[in-house]
Amino acid sequence: MALYLGLDSSTQSVTAVVIAIEGDTRQMVLESSLSFDEALPHYGTAHGVLPRTDPRIATSSPLMWAEALDVMMARIARSGLELGRLAAVSGSAQQHGSVYLNSSWVDVVQTLDGSRPLADQIRNVFARDESPIWMDSSTAEECAEITAAVGGEHVLARRTGSRAFERFTGPQIRRFFKQSPEGYGATDRIHLVSSFLASLLSGHDAPLDPGDASGMNLMDLASRDWWPEALDATAPGLHAKLARIVPSSTVVGTLSPYWQQRYGLPAAKVIAWSGDNPCSLIGTGLVKEGRVAVSLGTSDTVFGLMREPRVDVTGTGHVFGAPTGDYMGLTCFQNGSLARERVRDDLGLNWKSFSQALDSTPPGGPVVLPWFEPEITPAVPVPGVRRYGVSGTSPEANVRALVDAQMMSMALHSQWMGVRIDTIHATGGAAANRSILQTMADVFGADVYELSVGNSAALGAALRAAHAESSAEPAGDWEDVIRGFTEPIARTRLEPDRRRHAFYRDWIRVYGACEAHALGRGPDPEPLLEQLRGRVTDFS
Ligand code: ADP
Ligand code: XUL
């Protein structure tokens, strides 16, 4: 029986999943998470983010990600699993975040000493101690400059899969170059979180995969290689600072002597790491076109596989490279779980009473746009919650308004993918909440399923490891690899309530009108809101 390890370094935590495969026997034998804030409090993060005063700036510590990887590998080594059978390891990481390394990096990573902790040894390899992460929205100016330099947003979107986005790595690199030319000059290598951690595992400077590299505004989606015009538009001498892009199934090395000496792990193959969303695509079983997954993690995302790239040229959708060699469409929402936590805490609720509030309150109350933080979709640079409709409503109505707004925004802003959404695979921490999933079913008019493994990004990484290790050709049979791990659980199916869905089909117009008004693009939505509120039926 061969074991495959998938790691996921997400915004708030690191997770490991180990799967065992022998012929038709396939099982998950380990699933373990550690939260950055709790396990590594000396970095002072809140929800994985370093302290900040400007809401547009969001950074984290690359040293913390490395230390968390070390702690997790120690935990795996102590798990009692027969790790001599570990055949391959791959990983997933929060997308877009960048790690800036100086000239000592390559030597240090190649000569890590198994008798000393990892963090102590890499402390001085950084040309920048903090890494900007996906929650950062401070690069509007750099987005505009890059867009203009390559010939406009249509050109950039068609070529790279996305128009310029503040959190994407290219604009972040440009800002660093402008703000700290010396720091940029002292940077020999810029990694994504994924390729940085793959380097630490394999003990050499590892390449990037197209899934994560397409979140940079720097990769040519068609050739899956760097696009020189975008590199030139971003910062001078950038090409030399970037690693290669290789197919997602590439074996980039083996677990380095550090891991072998320190934890007695074998020289298992290390497969290129990817972004959390491309890994989740595999971990939710979406290796064919037609269905979508909704991930309710720190960010909320909607995504699905695409055979051919259909680019959202003016909206907020992205096309990334999928680990299968196809493409994936994705829309990301920043005010996801942390907005739900905020409303929960402000109202003095826990998840149980939050769910009860949701269950006991019909739709059709106020419309609340939950932009606690700058929002990615739709683009809201200056945060602030906007309210429409009746005021002085009950706490329950606020919970209903929040979840309704989140689901309607997802439904509205995923239309560009051109997929008829009648089945949704739900994943991420909040997918444990059946009341939220029922609202998703009612708004989308789709059946919603839970998956047997909640950590779909880590599972996807483990499955990518199994796929890469087992197939001589990159084009192995994905259906065969994912079998037994990613099927939705039939008994968890939530069907849409027909009357509620009919109501939401109208109510989403109200939501859209409120959004347009809040963004300064539409008239006062109150008359429409009043007109439709008259149609609110008794849903009990
Ligand atoms: P990430 O991978 O981005 O770090 P996760 O997918 O692990 O995030 O999800 C973490 C989030 O899940 C937490 O921030 C929390 O708000 C949310 N969560 C956990 N349990 C519940 C629940 N029962 N109801 C709603 N949200 C939940
Ligand atoms: C996707 C995105 C987030 C991060 C963190 O574009 O920004 O989903 O990958 O999970």
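Look above for the structure.
**Q** How would you summarise the environment of histidine 517 if you had to cite specific residues and measurements?
**A** Tracing the chain through its elements places histidine 517 in helix 21 (residues 498-518). Distance from histidine 517 to methionine 219, taken between C-alpha atoms, is 35 Å for residues 298 residues apart in sequence.

**Q** Report on the site of ligand 2, specifying residues and quantitative values.
**A** Close to ligand 2 lie Gln95, His96, Trp134, Arg167, Asp276, Asn277, Ser299, Thr301, Leu330 and Cys332, which account for all nearby residues. A distance of 2.5 Å separates an oxygen atom of ligand 2 from a polar side-chain atom of aspartate 276. Between an oxygen atom of ligand 2 and a side-chain N or O atom of asparagine 277, the distance comes to 3.0 Å. Coverage of ligand 2 by the protein amounts to 96% of the 290 Å² it exposes when considered alone. Of all the secondary-structure elements, those providing two or more residues to the shell around ligand 2 are helix 14 (276-283) and strand 17 (327-333).

**Q** Report on the pattern of salt bridges, specifying residues and quantitative values.
**A** If you walk through the whole model with that rule in mind, you get 25 salt bridges. The residue arginine 189 makes a salt bridge to aspartate 205 at a minimum N-O spacing of 2.7 Å. On the criterion of sequence distance, the pair formed by arginine 189 in strand 8 (residues 189-192) and aspartate 205 in the loop between helix 9 (193-202) and helix 10 (210-213) is long-range, its members being 16 residues apart. The same class applies to arginine 189 as to aspartate 205, namely buried. Salt-bridge contacts for lysine 288 lead to glutamate 479; the nearest nitrogen and oxygen are separated by 3.4 Å.

**Q** Can you explain the site of ligand 1? Please cite residues and give values.
**A** The environment of ligand 1 is made up of 14 residues, and the closest members are Ser10, Thr298, Glu341, Gly429 and Asn433. A distance of 2.8 Å separates an oxygen atom of ligand 1 from a polar side-chain atom of serine 10. At 2.5 Å from an oxygen atom of ligand 1 is found a side-chain nitrogen or oxygen belonging to glutamate 341. Starting from 580 Å² of accessible surface for ligand 1 in isolation, the protein chains cover 77%.

**Q** Give a detailed account of the pairing of strand 14 (residues 292-296), specifying residues and quantitative values.
**A** Of all five residues that make up strand 14, five are buried, and the element is covered over most of its length. Here strand 14 shows no split at all, with Val292, Val294 and Leu296 on one side and Ala293 and Ser295 on the other all buried. Bridging between strand 14 and strand 20 (residues 423-427) involves four bridges; their strand directions are parallel. Following the sheet pairing, serine 295 is matched in strand 20 by threonine 427. Pairing geometry for strand 14 and strand 15 (residues 300-306), over four bridges, is antiparallel. In the strand pairing of strand 15, valine 294 is matched with valine 302.

Calculation criteria
Each chain has its residues counted from 1, running along the sequence as written. Key to labels: chains lettered from A, ligands numbered from 1, both in the order written. Given that this is a predicted model, residues contribute local features only at a pLDDT of at least 70 and side-chain atom pairs are listed and counted only at 80 or more, while totals for whole chains, interfaces and linings are drawn from all residues. For side-chain calculations, the full set of non-hydrogen atoms in the structure is used, while hydrogens and water are omitted. The helix and strand labels rest on DSSP assignments: H or I over at least four residues marks a helix, E over at least two residues marks a strand, and numbering proceeds from the N terminus. When we say a residue is near a molecule or strand, we mean one of its heavy atoms is within 4 Å of it. In protein, a polar contact requires one atom able to donate a hydrogen and another able to accept it; more generally it is a pair of N or O atoms within 3.5 Å, and residues adjacent in sequence count only if both atoms are side-chain atoms. Methods summary: accessible areas were calculated by the Shrake-Rupley approach with a probe of 1.4 Å, and residue burial reflects only the protein chains presented. Take a side-chain nitrogen of Lys or Arg and a carboxyl oxygen of Asp or Glu: if they are within 4 Å of each other, that pair is a salt bridge. Relative accessible area decides the class of each residue, using a 1.4 Å probe on protein chains only: under 20% of the type maximum gives buried, over 50% gives exposed, and in between gives partly exposed. Pairing between strands is defined by DSSP: at least two bridges between them are needed.

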